[in-house]
Amino acid sequence: MTRAGRLSPTAEGAALALAAVASRIVFVAAAASALGVDWRDLALRYDGHVYLRIAKTLPALYVSEQGPLLTGWFPLYPVLIRAGGALTGDLRVAAIMVSLAASAAAVLLFHRLAARFSSRPGLAAAVLAVFPPMWLVCGGLAFAEPVLVCAAVAAVLAAVEDRPWTCGAAAAAAALSQKSGALVVVIAALVVWSRRSRLDGRWLAALALAPLAAAALQGYLWLTFGDPLINLRVQREIFGGSLFSLPFAGFVKGLLEPSAFGGPWRRAAIAASGLFYLGVAAAAWRGRTEERRPLLLWLGVVLAFFFCLGGFWAFHSLPRFLLLGAPAVILLAEPYLPRGRGLLAAAPLALLPFFVGLVEVAQADAFMRRAWGESYFSRASSELR
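Residues numbered from 1 in each chain as written. Predicted model: local features only at pLDDT ≥ 70, side-chain atom pairs only at ≥ 80, totals over all residues. Heavy atoms only, no water.

Some words on the overall build of the protein
Assigned secondary structure in the protein consists of 21 helices and zero strands. Compactness check: the protein gives a C-alpha radius of gyration of 20 Å against a globular reference of 21 Å for 385 residues, within 12% of the reference. Expressed along its principal axes, the backbone C-alpha trace of the protein runs to roughly 55 × 50 × 45 Å. Here the protein, with 385 residues, has 53% of them falling under the buried criterion. Within the protein, contacts between residues at least 6 apart in sequence are counted, and of these 74% link residues at least 24 apart. Taken as a whole, the protein presents about 16,400 Å² of accessible surface, with 68% of it coming from carbon and sulfur. (Helix = DSSP H or I, 4+ residues; strand = E, 2+ residues; numbered from the N terminus. Rg over C-alpha atoms; globule rule 2.2 N^0.38 Å. Buried < 20%, exposed > 50% of the residue type's maximum accessible area, 1.4 Å probe, protein only. Contact = heavy atoms within 4.5 Å. Areas by Shrake-Rupley, 256 points an atom, 1.4 Å probe, with all protein chains shown as cover.)

A short note on the pattern of salt bridges
Inspection of the entire model under this criterion finds 19 salt bridges. Residue R320 is joined to E145 by a salt bridge in which the shortest nitrogen-to-oxygen separation is 3.3 Å. One end of the pair, R320, is in helix α17 (residues 318–321); the other, E145, is in helix α7 (residues 145–160), and 175 residues separate them in sequence. Comparing R320 with E145 shows no difference in burial state: the two are buried. (Salt bridge = Lys/Arg side-chain N within 4 Å of Asp/Glu carboxyl O.)

What about the nonpolar core?
Within the largest apolar cluster, 95 residues are counted, with the highest numbers of intra-cluster contacts made by F110, L113, W298 and F306. Sort the elements by how many residues they give to this core and α7 lands first, with 13 residues. Among the nonpolar cores identified, the runner-up in size contains 34 residues, and L52, V147, L217 and F377 belong to it. (Core = buried A, V, L, I, M, F, W, Y, C linked by side-chain atoms within 4.5 Å.)

Here we look at the environment of P164
With respect to the element layout, P164 can be found in helix α8 (residues 164–175). Once the C-alpha coordinates of P164 and F27 are considered, the two residues, 137 residues apart in sequence, prove to be 37 Å apart. Excluding residues that lie within four positions of it along the chain, P164 makes contacts with R202, W203 and A206.

Focus: helix α13 (residues 249–256)
Those residues of α13 that sit buried are G250, F251 and G254. End-on view of α13: buried residues confined to an arc of 100°, all on one side of the axis. (Arc of directions from axis to C-beta.)

Brief notes about unusual backbone geometry
Geometrically, the link from L58 to P59 is a cis peptide bond, its omega value of 5° lying close to zero. As for its position among the elements, P59 is in the loop between α2 (48–57) and α3 (76–88). Cis peptide bonds are those with omega within 30 degrees of zero, and the linkage from F131 to P132 qualifies with -10°. Here P132 is to be found in the loop between α5 (121–130) and α6 (133–140). Despite not being glycine, Y62 has its phi angle at roughly 75°, a positive value. Looking at where Y62 falls in the secondary structure, it is placed in the loop between α2 and α3.

Notes on the packing of aromatic side chains
In the structure shown here, the tally under the stated rule is 14 aromatic pairs. Taking the centre distance of 5.4 Å and the plane angle of 70° together, the rings of F251 and F307 count as edge-to-face. With F251 in helix α13 and F307 in the loop between α15 (293–306) and α16 (312–316), this pair connects stretches of sequence that are 56 residues apart. Summarising the burial analysis for this pair, F251 and F307 share the class buried. Each ring, one from F306 and one from F321, has its centre 5.3 Å from the other, and the planes form 15°; the classification is stacked. Here the residue F306 occupies a position in helix α15, and F321 occupies one in helix α17, the gap between them amounting to 15 residues. (Phe/Tyr/Trp six-rings, centres within 6.5 Å; stacked < 30°, edge-to-face > 60°.)

Some words on the environment of S375
With respect to the secondary-structure elements, S375 resides in helix α21 (residues 374–383). For S375, a relative accessible area of 41% puts it in the partly exposed group.

Focus: the packing of helix α1 (residues 9–35) against helix α20 (residues 352–372)
Axis separation between α1 and α20 bottoms out at 10 Å; the angle between their running directions is 45°. Here α1 is positioned oblique relative to α20, judged by the angle of their axes. At the point where α1 passes α20, the crossing takes the right-handed sense. Contacts between α1 and α20 involve S23, V26, F27, A30, A31 and L35 on the former and, on the latter, F354, G357, L358, V361, A362 and D365. Across the contact of α1 with α20, the residue classes break down as nine nonpolar, two polar and one charged. (Axes fitted to C-alpha atoms, helices over the stretch in contact; angles between N-to-C directions. Parallel < 35°, antiparallel > 145°, perpendicular 65-115°, else oblique. Left-handed = near helix turned anticlockwise from the far one by under 90°. Nonpolar A, V, L, I, M, F, W, Y, C, P; charged D, E, K, R; others polar.)

Quick notes on the side chain of T71
Its location among the elements puts T71 in the loop between α2 and α3. When its relative accessible area of 0% is taken as the criterion, T71 is described as buried. Among the polar contacts listed, one links the side chain of T71 to the backbone oxygen of P68, at a separation of 2.5 Å. (Polar contact = N/O pair within 3.5 Å; in protein donor to acceptor, adjacent residues only side chain to side chain.)

Here it is in structure tokens:
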């Protein structure tokens, strides 16, 4: 505690990280109750069942009856699941525990980063504990995004604090955690450039860790499957044959075309998410300052990449994809957040992510049951433990 009776920055960050874990535990319990399933089987929803299958293949990474299909998902999260499974005895539990831990670590690191850009780092970190709604979903279920966001925040924090090798290691972790993780090295390089006006030799060497890690993965795939780009080809097929399109074309197409995945309510929620990120970016650009330029660069890289994706999932997975820019959005939006009594009046909005998240999980579960069949999850529950 400080002399004024307030928590020290370290204690405040730790308390907010624990709050992030607690909120996700409550969400997992509520989602399991709403769906009428064992909470451990929530790890099979979304891409969780694929990550669990990859974890089961270790140490022969990706080599299973599914063959090359599994290569479309990056390996760091499955490796962490397998390591956690050695402690929990159940890969489903490990997958959820890794998400919880990565979410908490992201909030803890973000609290430290927020102190560099905001006079209210505690408020900014409290917002990241539960917002945006998809962050709550991803942090409670089996998603790679908590690992990716944690690595991204760690990389930007190290860039701001002039710790090149820590930054490079974090960017390398991001590059192995998700297909969009390569963006983190670009973001980190731009943050360093914006603060130092150049990248010297040690920074160039440190940031090379991320491309080297990505190249090592592609080299492994080449040796194993005879195709160094097999994971990218799998992703292209999943996206419907095209990874990229004209800017905003995928977003507009997804907004206008009916889909069996969620219906009009879900399309409206996705549109609101995308427009919020774009709106914050526009407002921050108008009021830009030298101090906030790294945040604008961070958000700009994320928006430029994901709004140029094409295919079905470019729209329907957009709230999840944009989580890479969520820390930057929160810091850029912080000056517009209420203060004093207005903040107290707005506090009940913290319940919104729980409501939106439960609807999202229910719709995704219904879609997956139609797509995979009712018996798939009962078999997977037994196989992926």
